[in-house]
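Here's the letter readout for the chains.
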Amino acid sequence: MSDAPKKQAVTVRIAGEEHTIRASADPEYTRECAEFVDDRIAEVRQVTGMVEGHKAAILAALSITDQFFQARSELDVLRRDVASRTADLAGRIQGSLAKLSGTAE
């Protein structure tokens with residue numbers, strides 16, 4: 001038997017159309033993702049006055065991608081900061097331990 005999660009079919013509504021999506025993710029998570037996309041398309045349509053669904057979907061996809069890239073960049077900065085602080089803290093701990101053991105350099 002395979003240990004891979006079983007895919008479940010979930011029907012969602014995006015931009016006024018029903019779509020059945022097969023995913024191994026929790027159905028509620030899939031619905032949440034679909035709702036996010038639907039909301040972004042609706043926002044694009046409202047801001048631009050765009051009626052054509054495919055164009056609004058493309059702009060929504062670009063907007064979501066921009067948001068993803070910015071979040072990824074912020075995460076990279078945070079990871080570097082944590083790594084730097086961790087290395088600094090480890091060095092300080094080693095220095096303190098060396099002083100305590102009388103082997104300070």
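Basis of the calculations
- Residues numbered from 1 in each chain as written.
- Predicted model: local features only at pLDDT ≥ 70, side-chain atom pairs only at ≥ 80, totals over all residues.
- Heavy atoms only, no water.
- Helix = DSSP H or I, 4+ residues; strand = E, 2+ residues; numbered from the N terminus.
- Buried < 20%, exposed > 50% of the residue type's maximum accessible area, 1.4 Å probe, protein only.
- Contact = heavy atoms within 4.5 Å.
- Polar contact = N/O pair within 3.5 Å; in protein donor to acceptor, adjacent residues only side chain to side chain.
- Phe/Tyr/Trp six-rings, centres within 6.5 Å; stacked < 30°, edge-to-face > 60°.

Trainee: Teacher, can you tell me more about the environment of Ala34 here?
Mentor: Position of Ala34 among the secondary structure elements: in helix H1 (residues 27-48). On the accessibility criterion, Ala34 (6% relative accessible area) is buried. Separated by 16 residues in the primary sequence, Ala34 and Met50 have C-alpha atoms spaced 20 Å apart. Look past the residues within four positions of Ala34 in its chain and what remains in contact with it is Val12 and Ile14.

Trainee: Could you clarify how one ought to interpret the side chain of Arg40 in this entry?
Mentor: Topologically, Arg40 is positioned in helix H1. Residue Arg40 is classed as buried on the basis of its relative accessible area, which comes to 13%. At 2.8 Å, the side chain of Arg40 and the side chain of Ser63 are in polar contact. The residues contacting Arg40, other than those within four sequence positions of it, are Ala60, Ser63, Ile64 and Gln67.

Trainee: What is the right way to look at the packing of aromatic side chains in this model?
Mentor: Given two aromatic rings, their pairing is described by the distance between the two centres and the angle made by the two planes. Throughout the structure, instances matching the rule amount to 1 aromatic pair. Seen from their ring centres, Phe68 and Phe69 are 5.7 Å apart, and the 50 degrees between their planes marks the pair as tilted. On the basis of relative accessibility, which here comes to 47%, the residue Phe68 falls in the partly exposed class.

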